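Each chain, written out:
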There are 2 protein chains.
Amino acid sequence: MRWAEAGETVIVGSRDAKRAQDAADKIKVRAGANAKISGAENIAACNAADLLVLTIPFEGHAALLKQLKPAIRPGTIVIDATVPLAASVGGRASRTLGVWQGSAAQQTAELVPKGISVVAAFQNLGAELLNADGPVDCDVIVCSDDPAAIPIVRALATKIPGARAIDGGKLENARILEQITALLIGLNIRHKGHSGIRITGLPPAAHEVV
Amino acid sequence: MRWAEAGETVIVGSRDAKRAQDAADKIKVRAGANAKISGAENIAACNAADLLVLTIPFEGHAALLKQLKPAIRPGTIVIDATVPLAASVGGRASRTLGVWQGSAAQQTAELVPKGISVVAAFQNLGAELLNADGPVDCDVIVCSDDPAAIPIVRALATKIPGARAIDGGKLENARILEQITALLIGLNIRHKGHSGIRITGLPPAAHEVV
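Residues numbered from 1 in each chain as written. Chains lettered and ligands numbered in written order. Predicted model: local features only at pLDDT ≥ 70, side-chain atom pairs only at ≥ 80, totals over all residues. Heavy atoms only, no water.

Engineer: Help me out: how do you make sense of helix α2 (residues 17–31) of chain A in this one?
Structural biologist: Along an α-helix, a turn takes 3.6 residues, which lines up residues three or four apart on a common side. Residue and element names in this part refer to chain A. Its 15 residues place the ends of α2 20 Å apart at the C-alpha level, agreeing with the 21 Å of an ideal helix rising 1.5 Å per residue. Along α2, the residues classified as buried are A20, A24 and I27. In a view along the axis of α2, the buried residues occupy a sector of 60 degrees, so they form one face of it. Structural note: α2 exposes K18, R19, K26 and V29 on the side pointing more than 90 degrees away from its buried face. Contacts made by the buried residues of α2 are with α1 (2–5), β1 (10–14) and β2 (37–41). Where α2 begins, the capping side chain belongs to D16, and its oxygen is found 2.9 Å from the backbone nitrogen of K18. Taken from the residues just after α2, G32 is the one with a positive phi, measuring 105 degrees. (Helix = DSSP H or I, 4+ residues; strand = E, 2+ residues; numbered from the N terminus. Expected span 1.5 Å × (residues − 1). Buried < 20%, exposed > 50% of the residue type's maximum accessible area, 1.4 Å probe, protein only. Arc of directions from axis to C-beta. Contact = heavy atoms within 4.5 Å. Polar contact = N/O pair within 3.5 Å; in protein donor to acceptor, adjacent residues only side chain to side chain.)

Engineer: What is the right way to look at the interface of chain B and chain A in this model?
Structural biologist: In many reports, interface size means the accessible area that the parts give up when they come together. Listed as interface residues are 37 residues of chain B and, on the opposing side, 37 residues of chain A. Summing both partners gives a buried area of about 2700 Å² for chain B against chain A, and 62% of it is carried by carbon and sulfur. Our enumeration of links across chain B and chain A arrives at four salt bridges. Between E172 of chain A and R95 of chain B there is a salt bridge whose closest N-O contact spans 2.7 Å. Inspection of the chain B/chain A interface yields 11 residue pairs in polar contact (both at pLDDT 80 or more). Among the elements of the structure, β7 (164–169), α8 (174–191) and β8 (196–200) of chain B are those that each provide at least two residues to the side of chain B that touches chain A. Ranked by residues supplied to the side of chain B that touches chain A, first place goes to α8 of chain B with 12 residues. In the side of chain B that touches chain A, the residues fall into 15 nonpolar, 13 polar and nine charged. Of the strand pairs in this sheet, strand β8 (residues 196–200) of chain A and β8 of chain B are connected by five bridges, and their pairing is antiparallel. (Buried area = accessible area lost by both parts, 1.4 Å probe. Salt bridge = Lys/Arg side-chain N within 4 Å of Asp/Glu carboxyl O. Nonpolar A, V, L, I, M, F, W, Y, C, P; charged D, E, K, R; others polar. Pairing = 2+ DSSP bridges.)

Engineer: What exactly am I supposed to notice about the sheet that holds strand β4 (residues 77–80) of chain B here?
Structural biologist: As a general point, the strands of a sheet are linked pairwise by backbone hydrogen bonds and lie either parallel or antiparallel. Strands sit in the order β3-β4-β5-β6-β7 (chain B) across an open sheet of five strands; the sheet is mixed. This sheet does not close on itself; its edge strands, each paired only once, are β3 (51–54) and β7 of chain B. Averaged over neighbouring strand pairs, the angle between their axes works out to 25 degrees when direction is ignored. Contacts between helix α8 (residues 174–191) of chain A and the sheet are confined to β6 (139–144) and β7 of chain B, with β7 of chain B contributing the most and set at about 95 degrees to the helix. (Axes fitted to C-alpha atoms, helices over the stretch in contact; angles between N-to-C directions.)

Engineer: How should I be thinking about the packing of α8 of chain A against α8 of chain B in this particular structure?
Structural biologist: For any two helices packed against each other, one specifies the inter-axial angle together with the distance between the axes. Running from N to C, α8 of chain A and α8 of chain B point in directions that differ by 140 degrees, and their axes come no closer than 9 Å. Viewed along their axes, α8 of chain A and α8 of chain B adopt a mutual orientation that is oblique. The element α8 of chain A and its partner α8 of chain B pack so that their crossing is left-handed. Contacts from R175, I176, L177, Q179, I180, A182 and L183 of chain A of α8 of chain A reach α8 of chain B at R175, I176, L177, Q179, I180, A182 and L183 of chain B. Across the contact of α8 of chain A with α8 of chain B, the residue classes tally to 10 nonpolar, two polar and two charged. (Parallel < 35°, antiparallel > 145°, perpendicular 65-115°, else oblique. Left-handed = near helix turned anticlockwise from the far one by under 90°.)

Engineer: How should the relation of the copies chain B and chain A be read in this particular structure?
Structural biologist: Both copies of the chain are related through a single rotation about an axis accompanied by a shift along the same axis. Mapping chain B onto chain A leaves a residual RMSD of 0.0 Å; the transformation is a rotation of 180 degrees accompanied by 0.0 Å of translation along its axis. Expressed as a symmetry operation, the mapping of one chain copy onto the other fits a two-fold axis. Considering only C-alpha atoms, the part of chain B nearest the rotation axis is R198 of chain B, at 2.6 Å. Counting the interface residues of chain B, we find that 100% of their copies in chain A are interface residues as well, pointing to one common contact surface. (Least-squares fit on C-alpha atoms with pLDDT ≥ 70 in both.)

Engineer: Teacher, can you tell me more about the pattern of salt bridges here?
Structural biologist: Between side chains of opposite charge, a pair can form when the charged atoms approach closely. In total, this model carries 18 salt bridges over all chains according to the counting rule given. R30 of chain B serves as the salt-bridge partner of D133 of chain B, at 3.4 Å between the closest nitrogen and oxygen. Of the two residues, D133 of chain B is situated in the loop between α6 (127–131) and β6 and R30 of chain B in helix α2 (residues 17–31); the sequence distance between them amounts to 103 residues. For D133 of chain B, a relative accessible area of 65% puts it in the exposed group. Classification of R30 of chain B as partly exposed rests on a relative accessible area of 30%. Several salt bridges converge on common partners, so that one network encompasses D137, D139, R164 and R198 of chain A.

Now the structure itself:
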């Protein structure tokens, strides 16, 4: 929704093309009739996109990536916002599962075709904040082993009003970003809020997207 | 230093009483001649204190706790700010070691006498920020299995100008606080800053210390 409002071309993917279209229609109501947003079944969405954003429950993560793999086009950037919450196996959303590769995003890096860049970002930007009006009070930390992908995703993050985007280094740091989500969910439950994080104390250049 | 400036009685502990005294003297220069700050060997400091703050490298963590154990008085609150950085075993300060108990603070809970409350806090408040002048732009997340200890430590945190203190729930969440430190150290190296975190989106009550 935020990207459609910013003029980006967005395709909502779903297992069910009808549900994807319904979601896209809902966003259009808010983003305006000129918004370039549509819905498609996952494989079709993947075929048409040069940038994928995975925002899925962890229990469907590996299976979806195996299904999508043949449809991911060379040069695609895969942004993974998935968090391996223990809720995926009936546990708490304020705890994470251990993922053998270190994080959900690193699991993604193992499951995409060779040469596809994986970027971890957006885990800590809750749906409630994105669905609300006005700017968010959150930073997006962007991690990837492909230094060329980081500025592209940082630029995309800053299209969300209020969000600042910070280069967080290698993809291995995704494990920390994913754990922060569990902490924020715990704080939301405890304090009845919609929490986010800001990183303080960095020079302005750390937040500038060239 | 910040607590001495706020009028708290502080004892700096060290393996070497002379080094402890030197550190206390340095703080006195800044906090003023009336500051209630002194130095002592660790066991003596522990004997005299009703609240201990562990700010030690992880490689000395378990050994120090075993040494201190007989000297910890009943009713003491042990605040653990230790982070199991991989630097402890010659690795990077931007990575953590896995601790069997889940976190350094949970290891502490295993090593202190029965009935002693352990609180995880202050990991993400860097020495450079505390040594600088003026308020810090940081939140302190406070985790403990003793709900009575949390407000005491939150009140202590807010004696550091600028710091807000948030109840972060059970001690098990210390693992996330400790990992955040590694992330912040990585950001400091990458962006040449002294980073901290702020939690956004919580109601004001989450930050009020009664």
